[in-house]
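What the coordinates show
This is what each chain is made of:
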Amino acid sequence: MVKVSEAALSPMSGSRLPALSGASLQLRSTVQGLKRSITESVEDTWADLPLYRSRFPAALKASISAGMSSFTSSLGVLFPVAVIMSIRPAYPNWKSILTTGFFTGLQWSAFSGVFVGGETMAEKLRGRKDRLNSCVGSGLSGALAQYHQGALGMSQGFVSGVAFYY
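To keep things clear, this report deals only with the structure shown in the data block. Quick caveat: nothing in here was measured; it's all calculated off a predicted structure. Along each chain, numbering runs from 1 in the same order as the chain's sequence is written. Selection of residues for local features in this predicted model requires a pLDDT of at least 70, selection of side-chain atom pairs for listing and counting requires 80 or more, and totals for whole chains, interfaces and linings are taken over all residues. Here the side-chain values reflect all heavy atoms present in the structure, with hydrogen atoms and water set aside.

Turning our eyes to something else, we now look at the overall build of the protein chain. From N to C terminus, the protein chain includes five helices and zero strands. Along the chain direction, N to C, the helices and strands of the protein chain fall in the order α-α-α-α-α. The buried label goes to any residue with under 20% of its type's maximum accessible area, the exposed label to any with over 50%, and the partly exposed label to all in between, with areas taken from a 1.4 Å probe on protein chains only. Taken across its 166 residues, the protein chain has 20% of its residues classed as buried. Sequence separation of at least 24 residues holds for 48% of the intrachain contacts in the protein chain that already meet a minimum separation of 6. Helix numbering and strand numbering both begin at the N terminus, where a helix is a DSSP run of H or I of at least 4 residues and a strand a DSSP run of E of at least 2. Any pair of residues with heavy atoms lying within 4.5 Å of one another is described as a contacting pair.

Next comes the structure, spelled out in structure tokens:
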């Protein structure tokens, strides 16, 4: 957090640059407005915490159910597609083709399940059905794609997923 001293925000009396006086007053009012806005937002979030806590069990159940449903239906569709995509005409090694197809289909289905599960969780917790829920699901899928890079990679994946969807 950046702290701005009162002296830095006060008008510059006796300065050779009188135009900065108005700018510093404007900066001061902007900083005070932001402080008020952030304080109100945090207070509203804490006030809604019992509501989110009461919605969490149902949201978790719906999220897991929707995610698993999406995962199984996606696996049924994506496994054959991944098998077809992994066929190499020169060397048809069926064991390798089936293994590669299975794990590729499994990975794609996991992304689908995480997306739908995250979207459902956000919808049930927030009590709203809008675009933000899909952004959360997309961000979680992006984080899953980068889980092997640690916390920083996952946070970058989350931001990339949200940006991709947005």
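That was the structure; now back to the text.
A few words on the pattern of salt bridges. Only one rule defines a salt bridge in this text: a Lys or Arg side-chain nitrogen within 4 Å of an Asp or Glu carboxyl oxygen. Inspection of every chain in the model, using the stated rule, returns one salt bridge. The salt bridge partner of aspartate 130 is arginine 126, with a shortest N-O separation of 2.8 Å.

Time to look at the packing of helix 4 (residues 131–145) against helix 5 (residues 150–165). Two numbers describe how helix 4 lies on helix 5: the axes approach to 6 Å, and their chain directions differ by 140°. By the angle between their axes, helix 4 is oblique relative to helix 5. As for how helix 4 packs across helix 5, the hand of that crossing is right-handed. Of helix 5, the residues touching helix 4 (which contributes Arg131, Ser134, Cys135, Val136, Ser138, Gly139, Leu140, Gly142 and Ala143) are Met154, Gly157, Phe158, Gly161, Val162 and Tyr165. Residues are grouped as follows: nonpolar covers Ala, Val, Leu, Ile, Met, Phe, Trp, Tyr, Cys and Pro; charged covers Asp, Glu, Lys and Arg; every other residue, Gly included, is treated as polar. A breakdown of the residues in the contact of helix 4 with helix 5 according to their chemical character gives eight nonpolar, six polar and one charged. Axis geometry follows a simple rule: fit a line to the C-alpha atoms, using only the stretch in contact for helices, then measure angles between N-to-C directions, giving values from 0 to 180 degrees. Comment on the angle field: the value is read as roughly parallel under 35 degrees, roughly antiparallel over 145, roughly perpendicular from 65 to 115, and oblique elsewhere. Handedness of each helix crossing follows the sense of rotation of the near helix against the far helix: counterclockwise by less than a right angle gives left-handed, clockwise gives right-handed.

A separate point is the packing of aromatic side chains. The criterion for an aromatic pair is that two Phe, Tyr or Trp rings (for Trp, the six-membered ring) have centres within 6.5 Å, with stacked assigned to planes under 30 degrees apart, edge-to-face to planes over 60 apart and tilted to the rest. Applying the stated criterion to the full structure yields three aromatic pairs. Seen in terms of ring centroids, phenylalanine 102 and phenylalanine 103 are 5.3 Å apart; in terms of plane orientation they differ by 70°. Their pairing is edge-to-face. A ring pair is formed by phenylalanine 115 and tyrosine 165, whose centres lie 6.4 Å apart and whose planes are at 45°; its orientation type is tilted. Taken together, the residues span a long stretch of sequence, with phenylalanine 115 in helix 3 (residues 94–126) and tyrosine 165 in helix 5 at a distance of 50 residues. Here a set of aromatic residues connected by ring pairs shows up, and it is made of Phe79, Phe102 and Phe103.

Turning our eyes to something else, we now look at helix 5. The span one expects for a helix is its residue count, reduced by one, times 1.5 Å. Between its terminal C-alpha atoms helix 5 stretches 22 Å, which fits the 22 Å expected from 16 residues at 1.5 Å a residue. Turning to helix 5, its buried residues are Gly153, Gly157 and Gly161. Across the axial projection of helix 5, the buried residues extend over an arc of 75°, all falling on one side. Of the exposed residues in helix 5, those oriented more than 90 degrees away from the buried face are Ala151, Leu152, Val159 and Ala163. Summarising the geometry, the arc corresponds to the directions from the helix axis toward the C-beta atoms.

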